[in-house]
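# Observations on the model geometry
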Amino acid sequence: MAKFITIGERISVTAPAIRRAFEERDPEPILTRCEQQLKAGANYIDVNIGPAESDGEERMQWAVKLLQERFDNVPLALDTSNMKAIEAGIQVYNREKGKPIVNSADAGDRFNRIELAANNDAIVIALCSANGIASDNDERMAHCQRMLEEGLMHGMEAEDLWFDPLFLVVKGMQDKQMEVLEAIKMFTDMGLNSTGGLSNNSNGMPKHIRPIFDSCMLAMAMMQGLTSAIVNPNDQRLMETIKTCDIIKNNNLYADSYLEI
Amino acid sequence: MAFTPKKQAFSAKINAVTLGTGDKSIVIGGENVLPFYTFDAPIANKPRIAVEISDKGLEGCVSDGIKAFYAGCDSVVDMAVKAQSMEGASAICLHFESADPNGENKSVEDCVALAKAVADAVEMPILVMGCKNIEKDAQIFNAVSDALQGKNILVLSAREENYKNVGASAGLAYNQKVGAESAVDINLAKQLNVLLSQLGVPDASVCMNVGSSAAGYGFEYLSSTLDRVKAAALAQSDKQLQMPIVTPVSPETWGVKESMSPEEESPEWGPLDERGIEMEVCTASACLVGGSNLVIMRHPAAVATISKFIDSLM
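Reference entry: report on the structure contained in this document. (Residues numbered from 1 in each chain as written. Chains lettered and ligands numbered in written order. Predicted model: local features only at pLDDT ≥ 70, side-chain atom pairs only at ≥ 80, totals over all residues. Heavy atoms only, no water.)

### Some remarks on the overall build of chain B
The number of helices and strands found in chain B is 11 helices and 10 strands. The globule rule puts the C-alpha radius of gyration for 314 residues at 20 Å, and the 19 Å found for chain B is close to it. Along the first, second and third principal axes, the C-alpha set of chain B runs to 65 × 50 × 35 Å. Relative to all contacts within chain B whose residues are 6 or more apart in sequence, the contacts with residues 24 or more apart total 69%. For chain B, the accessible surface area stands at approximately 12,800 Å², while carbon and sulfur atoms represent 50% of it. Measuring between centres, the 25 positive side-chain charges of chain B sit 8 Å from its 39 negative side-chain charges. (Helix = DSSP H or I, 4+ residues; strand = E, 2+ residues; numbered from the N terminus. Rg over C-alpha atoms; globule rule 2.2 N^0.38 Å. Contact = heavy atoms within 4.5 Å. Areas by Shrake-Rupley, 256 points an atom, 1.4 Å probe, with all protein chains shown as cover. Lys, Arg positive; Asp, Glu negative; His and termini not counted. Charge placed at Lys NZ, Arg CZ, Asp CG, Glu CD.)

Pasting the structure below:
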């Protein structure tokens, strides 16, 4: 099996400093966060530019070129609800280090992102919900099936659809956690790739608790076969957990210095 | 419906490492497919054979074929020059057997003098093999790497106990190539490469000796080690295992009873020389199909056979 893939989440307009940097086209805060994440071992970098309705296309192209030129064509996840911005980003994207990821499609209003990914030979994150959280795994898997068929119909390889069960917040939805993990196992049994915004689970928890929850949830999810996640790669406990799980799963050969590489 | 074979070329590839300089320099590694899987993708650099020459010359040699080949040679330097004419030979491996402190304890200065004389006389790339004494080997590798600067030699080998010393001198200070040696231990094989890389030795300056044994003497451990290393390097894109593999075959095969027992003692085994050749051929061919990028051998008939074997599979 291939090693677990981490998608670094820290370039996002939800952070005020990054929001400002996108608005003012100030490269430094964005480059700094990208470098920090790559140094910590992130494989992909998520670029969340927000909806950016007025200047999305230009903004995404600016970000893609900025990051890929500085960091040896680092592979990126293009994260916005603005379809035109994603397409514009892909136009200037260099695939040398990996296909672009469209973040994201779902089985509701964003269903057409699958076709967009197919038309642009991209990977797509396929969120298994429509308009609202799936009520159970029957519904989740129905969404999964529908999106898989849509992708295949448009000529995609199944491996380029990364299914997201939607990690749910423990504080409030504690009774749903095992269900999410079971959905991951169902993706795995179908031979599908999977991903998700891991830190949803620890939302609202004290800062010192979150790495513990994120790490445990990740280890349990990897046991179920999760193949990637959108994470904070600068969370050392989490990255150590991922590296260790990759060893236990025989995705990577053990060496005493495995945490340093 | 026509059968279309699925090509299994990997996105990862083995590092290409250059040994020697000038027209006779060779490149080992560089492939992105399993050993000899040329039907999946072309293999630019075929596996190579280095001819082992002992610093003891022919002393202790039991093979008439080897003795005949070097007939007329008055010195180790003569032998090294002659070895270049062996069909299938691409490099010379100088083996400092007599440096062992528990044996003849040849001095580091004498080793350096011999290495220089050989390097002045041959054009093929030079590999330097130690005496298996950790401390003495480190001293020899340091001194020989210094004396042969610019020759782009490969020292065999840096081990867990002396990698810092050998890596810093041969790999960093004198810009030679370093062999990282482990004994059928895939985790240590990887760890040594990590340590050398953390020391600053460039990946393209490192080869691996992941273990050696004669066929029939625990060879299955070596075989599974080779398989696992290549699988990690290619299928799992493990950068710490993408170094080309160098396997000393002859020091193992010429030390087992099949190659040494005199005909009067083992008449049922047939002619002594043939047995030695067969042990070398069996072992080397098995190493090569397991993924060795270079094998070290002695007997001219065995070298010629393995050379044909390589060429016919490429």
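### Brief notes about the sheet that holds strand S6 (residues 161-164) of chain A
Residue and element names in this part refer to chain A. Strand order in the open sheet formed by 8 strands is S7-S6-S5-S4-S3-S2-S1-S8, and the pairing between neighbours is parallel. Two strands close off the open sheet at either side, each with one partner strand: strand S7 (193-194) and strand S8 (228-231). Docked against the sheet, helix H6 (residues 137-153) engages strand S4 (101-106), strand S5 (123-127) and S6, running at close to 165° with respect to S6. (Pairing = 2+ DSSP bridges. Axes fitted to C-alpha atoms, helices over the stretch in contact; angles between N-to-C directions.)

### Notes on the pairing of strand S10 (residues 294-297) of chain B
Residues and elements named next belong to chain B. Residues Leu 294 and Ile 296 of S10 are buried on one face, and the alternating residues Val 295 and Met 297, pointing to the opposite face, are buried as well. Pairing of strand S3 (residues 48-54) with S10, which is carried by 4 bridges, proceeds in the parallel orientation. Considered in S10, the bridge of Ile 49 is made with Val 295. (Buried < 20%, exposed > 50% of the residue type's maximum accessible area, 1.4 Å probe, protein only.)

### Observations concerning the packing of aromatic side chains
Within this structure, the stated rule accounts for 7 aromatic pairs over all chains. Measuring from ring centre to ring centre gives 5.6 Å for Tyr254(A) and Tyr258(A), while their planes differ by 50°; the resulting arrangement is tilted. Overall, the relative accessible area of 15% leaves Tyr258(A) in the buried class. Plain terms: the ring middles of Phe36(B) and Phe309(B) are 6.0 Å apart, the flat faces sit at 80° to each other, and that makes the pair edge-to-face. Here Phe36(B), found in the loop between strand S2 (26-28) and S3, pairs with Phe309(B), found in helix H11 (residues 300-313); they are 273 residues apart in sequence, far enough to count as distant. On the basis of relative accessible area, Phe36(B) is assigned to the buried category, the value being 9%. In this structure, Arg25(A) packs its charged tip against the face of Trp62(A), placed 5.7 Å from the ring centre. (Phe/Tyr/Trp six-rings, centres within 6.5 Å; stacked < 30°, edge-to-face > 60°. Lys NZ or Arg CZ within 6 Å of the ring centre and 35° of its normal.)

### A word on the pattern of salt bridges
Applying the stated criterion to the full structure yields 17 salt bridges over all chains. As a salt-bridge pair, Lys39(A) and Glu35(A) come within 3.8 Å of each other at their nearest N and O atoms. Residue Lys39(A) and its partner Glu35(A) are located together in helix H2 (residues 27-39), separated by 4 residues, close to a single helical turn. Given the relative accessible area of 71%, Lys39(A) is considered exposed. Taking relative accessible area as the criterion, Glu35(A) reaches 38% and is therefore assigned partly exposed. Between Asp311(B) and Lys46(B) there is a salt bridge whose closest N-O contact spans 2.9 Å. Of the two residues, Asp311(B) is situated in helix H11 and Lys46(B) in the loop between S2 and S3; the sequence distance between them amounts to 265 residues. (Salt bridge = Lys/Arg side-chain N within 4 Å of Asp/Glu carboxyl O.)

### Looking at the environment of Asp146(B)
All names here are of chain B. Tracing the sequence through the fold places Asp 146 in helix H4 (residues 134-147). Judged by relative accessible area, Asp 146 falls into the partly exposed class, the value being 35%. Placed 23 residues apart in sequence, Asp 146 and Ser 169 show a C-alpha to C-alpha distance of 7.9 Å. Of the polar contacts made by the side chain of Asp 146, one reaches the side chain of Gln 149; its length is 2.8 Å. (Polar contact = N/O pair within 3.5 Å; in protein donor to acceptor, adjacent residues only side chain to side chain.)

### Things to note about the packing of helix H10 (residues 272-290) of chain B against H11(B)
Packed helices, taken two at a time, are described by the angle between their axes plus the distance between the axes. Residues and elements named next belong to chain B. Between H10 and H11, the least distance of the axes is 9 Å, while the angle of their chain directions is 30°. Considering the angle they form, H10 stands roughly parallel to H11. Relative to H11, H10 is oriented so that their crossing is right-handed. Residues Ile 277, Glu 280, Val 281, Ala 284, Ser 285, Leu 288 and Val 289 of H10 pack against Ala 301, Ala 302, Thr 305, Ile 306, Phe 309 and Ile 310 of H11. The class makeup of the residues in the contact of H10 with H11 is 10 nonpolar, 2 polar and 1 charged. (Parallel < 35°, antiparallel > 145°, perpendicular 65-115°, else oblique. Left-handed = near helix turned anticlockwise from the far one by under 90°. Nonpolar A, V, L, I, M, F, W, Y, C, P; charged D, E, K, R; others polar.)

### Focus: the sheet that holds strand S4 (residues 91-95) of chain B
All names here are of chain B. On the basis of which strands lie adjacent, the open sheet formed by 8 strands has the order S8-S7-S6-S5-S4-S3-S10-S9 and parallel pairing. With partners counted over all chains shown, the strands left at the sheet margins are strand S8 (206-209) and strand S9 (246-248), one partner each. Across the sheet, the axes of successive neighbouring strands diverge by a mean angle of 25°, strand direction being ignored. Strand contacts of H10: S9 and S10, with the helix running at about 170° to S10, the strand carrying the most contacts.

### Digging into a negative patch on the surface
On the surface, Asp256(A), Glu160(B), Glu161(B) and Asp185(B) cluster together into a patch of negative charge. Within the element layout of this structure, Asp256(A) appears in the segment after helix H10 (236-248). Overall, the relative accessible area of 53% leaves Asp256(A) in the exposed class. (Patch = residues over 30% accessible without salt bridge, like charges linked within 9 Å, V, L, I, M, F, W, Y side chains within 5 Å.)

### What about H10(B)?
Residue and element names in this part refer to chain B. For H10, built from 19 residues, the straight-helix expectation of 27 Å at 1.5 Å per residue is met to within 8% by its first-to-last C-alpha distance of 27 Å. Burial analysis of H10 places 14 of its 19 residues in the buried class, the great majority of the element. Backbone geometry just after H10 places Gly 291 at a positive phi near 130°. (Expected span 1.5 Å × (residues − 1).)

### Topic: the interface of chain B and chain A
The interface of chain B with chain A comprises 12 residues on the first partner and 11 residues on the second. When chain B packs against chain A, close to 1,000 Å² is buried across both sides, 48% of that on carbon and sulfur atoms. Interface area lost by chain B to chain A is led by Lys190(B), Gln191(B) and Gln236(B), which between them contribute 46%. At the boundary of chain B and chain A, one finds 0 salt bridges. The greatest single-element share of the side of chain B that touches chain A, amounting to 7 residues, is contributed by helix H6 (residues 186-199) of chain B. Residues that form the side of chain B that touches chain A fall into these classes: 4 nonpolar, 5 polar and 3 charged. (Buried area = accessible area lost by both parts, 1.4 Å probe.)

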